[in-house]
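Secondary and tertiary structure notes
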Amino acid sequence: MAGAGPGPPSHPAHRGMVPMTFDPLFPAYRPQFFPGQLLTAEDLSAGQDVDTGLRRLHHRMLHGWGIASGLTVTGWRGGTEVALGAGYALDAEGRELVVDDPLTVPVPPVASGPAGDPVPFALVVRWTEDEEAVVVDRAGACGTRGAVRRSDVPTVGWLDGPVREGLDVVLAEVAVHGCRLSQPPDPAARRLLNPPPTPYAASGATWPGYTPWQARQDDAGRVWAVETEVDTAEAGFGDVPVYLVNLGGDRLLSAAASPTGASCVLDGVPHVEAPEAGRFRVLVPLPAGVSVAGTAAVDVNPPAVVGHGDLLDVVATTLAWSVQWIGVQR
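Along each chain, residue indices are assigned from 1 in the same order as the chain's sequence is written. With pLDDT at 70 or above as the cut-off, local features in this predicted model cover only qualifying residues; side-chain atom pairs require 80 or more to be listed or tallied, and sums for whole chains, interfaces and linings still use all residues. Derived side-chain values reflect all non-hydrogen atoms in the structure, with water molecules and hydrogen atoms excluded from consideration.

1. Describing the sheet that holds strand S7 (residues 103–106)
Two strands qualify as a pair provided DSSP detects at least 2 bridges between them. A run of H or I in DSSP counts as a helix once it spans at least four residues, and a run of E counts as a strand once it spans at least two, with each numbered from the N terminus. Read across the sheet, three strands follow the order S3-S4-S7 without closing on themselves; strand pairing throughout is antiparallel. Looking along the sheet, the strands with just one partner apiece sit at the ends: strand S3 (73–74) and S7.

What follows is the structure, given as structure tokens:
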């Protein structure tokens, strides 16, 4: 595990969930003082312990655990690192996990799984235990020495085994192949502390030039459409919203960029398939036709281009097709 806190995790990593166990309720014994009392380090620390314990109990009982703000994770297919935004979360013990500055987290240096397939990881944030925390100590009187400051910076890092539910707060999931991301980070496993109220609307878009399009074929193996999956987990929909989509990017393919050497138009009407609270698929049929612009006729979705092996590269990078969406949760 690598990230904001020092040291590796003391537990196995992602893929699976270890049930939560809770500390007992906090015994609130607040220290009292009297004139002439000799104050010790234990007396002064006890007052802070009461306030900390009651605040964490308040978080546990009234708020729960999850991501309250920020902590977004971004990255690209083929990238060797992800960017983590600043943010705030609570764990199941009511402890505050504050990442006060953006971080760059390197991708785990893993080539592949046993069968040569990508290896799944989860990027998590967790409380840094005392044995791993950065502690500042100072010399005292009579040869004593002790801790005077403890860093509460949480630990951010990768897990590839079981996740401790509520203690390892998942920020995103990735798949690593050849020490690189095989796809952008997937935020679907994020748990939001304060889900937005309904009715609720959110919008977003996939990145032009980086949208992973796939081909849809008929029973005879002929390509008749392209499709892509759009992740909307960051919007925090609690139920399946109504999605409206628009296809961004260019439509006119020049002769120089066309795999057949002839200019044409690639276009289609996108529609939504399999909508979920955190994702949906967009299908763009590519029916063949002819468009007349002025006095010149232009082929629309010519079969030679639609069926060409470079189709996906054409729509993804040359035309930079992307999906712009709006979701309304009622």
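2. Points about the environment of Leu192
By the secondary structure assignment, Leu192 is in the loop between strand S14 (180–181) and strand S15 (200–205). Ignoring anything within four residues of it in the chain, the contact list for Leu192 reads Ile67 and Gly236. Two residues form a contact once any of their heavy atoms are found within 4.5 Å.

3. Re the layout of surface pockets
Considering only enclosed or pocket space, the largest pocket measures out at about 1,300 Å³ in volume. A 1.4 Å probe that fits into a set of points on a 1 Å grid over the protein atoms alone but cannot get out defines a cavity; an open set with protein on both sides within 12 Å along at least five of seven lines defines a pocket, and lining residues are those with an atom within 4 Å of a point. What lines the largest pocket is a set of 42 residues, and nearest its centre among them are Pro184, Pro185, Pro212, Glu229 and Asp231. For the lining of the largest pocket, the elements supplying multiple residues, two or more each, are S3, strand S13 (169–177), S15, strand S17 (223–231), strand S22 (279–285) and helix H3 (311–318). When residues in the lining of the largest pocket are grouped by element, the largest group, five residues, is from S17. Grid points are joined across faces, edges and corners, and a volume is the space filled by probe spheres set on the points.

4. Let's talk about the side chain of Arg279
Tracing the chain through its elements places Arg279 in strand S22. As used in this structure description, the phrase polar contact means that two N or O atoms lie within 3.5 Å; if the pair is within protein, one of them must be able to donate a hydrogen and the other to accept it, and residues adjacent in sequence are counted only when both atoms belong to side chains. There is a polar contact of 3.5 Å between the side chain of Arg279 and the side chain of Asp186. Setting aside anything within four residues of it in sequence, one finds Arg279 in contact with Asp186, Ala188, Glu229, Val230, Asp231, Thr232, Tyr243 and Ala274.

5. Brief notes about the packing of aromatic side chains
Centre-to-centre distance and the angle between the planes together describe a pair of aromatic rings. The pairing test for Phe, Tyr and Trp rings, Trp by its six-membered ring, is centres within 6.5 Å, and the orientation test on the planes gives stacked under 30 degrees, edge-to-face over 60, and tilted for anything in between. Throughout the structure, instances matching the rule amount to nine aromatic pairs. Between the aromatic rings of Trp213 and Trp321, the centroid separation amounts to 6.1 Å while the plane-to-plane angle is 80 degrees, which identifies the pairing as edge-to-face. Placement of Trp213 in the loop between S15 and strand S16 (214–217) and of Trp321 in the loop between H3 and strand S25 (322–329) is noted, with a sequence separation of 108 residues between them. One exposure class covers both Trp213 and Trp321, and it is buried. Ring centres of Phe237 and Tyr243 lie 6.1 Å apart, and the angle between their planes is 85 degrees; this geometry places the pair in the edge-to-face category. Like Tyr243, Phe237 is buried. What links up through ring pairs into an aromatic cluster is the set Tyr200, Phe237, Tyr243, Phe280 and Trp325. Throughout this description, the term charge over a ring refers to an Arg CZ or Lys NZ atom that lies within 6 Å of the ring centre and within 35 degrees of the ring normal. The side chain of Arg56 reaches across the aromatic face of Trp127, ending 4.9 Å from its centre. The ring of Trp65 has Arg191 sitting right over it, with the charged end atom 4.2 Å from the ring centre. We call a residue buried when its accessible area falls under 20% of the maximum for its residue type, exposed when it is over 50%, and partly exposed in between, using a 1.4 Å probe and counting protein chains only.

6. Regarding the sheet that holds S25
Spatially, three strands are ordered S15-S25-S18 in an open sheet, and the strand pairing comes out antiparallel. Looking along the sheet, the strands with just one partner apiece sit at the ends: S15 and strand S18 (242–248). Taken over all neighbouring pairs, the strand axes of this sheet differ in orientation by 10 degrees on average, direction set aside. Of the strand pairs in this sheet, S15 and S25 are connected by six bridges, and their pairing is antiparallel. For helices, the axis comes from a line fit to the C-alpha atoms of the stretch in contact; other axes are also lines fit to C-alpha atoms, and the angle between any two N-to-C directions lies between 0 and 180 degrees.

7. Notes on the nonpolar core
Of all hydrophobic cores here, the largest spans 26 residues; its most connected members are Leu123 and Leu171. Broken down by secondary-structure element, the contributors of at least two residues to this core are strand S4 (81–84), strand S6 (96–99), strand S8 (119–126), strand S11 (155–159) and S13. Counting residues per element, this core draws most heavily on S13, which supplies five residues. Setting aside anything within four residues of it in sequence, one finds Leu123 in contact with Val73, Val82, Val105, Val156, Gly157, Trp158, Val169, Val170, Leu171 and Ala172. Val226, Tyr243, Val314 and Trp325 belong to the second largest nonpolar core, which has 25 residues in total. Here, nonpolar core refers to any group of buried Ala, Val, Leu, Ile, Met, Phe, Trp, Tyr and Cys residues whose side-chain atoms link them within 4.5 Å.

8. Quick notes on the pairing of S11
Among the five residues that make up S11, five are buried, leaving the element largely enclosed by the rest of the structure. Relative to S11, S8 is paired through five bridges, and the arrangement is antiparallel. Directly across from Val124, in S11, lies its bridge partner Gly157.

These values are about where atoms sit, not about what they do.
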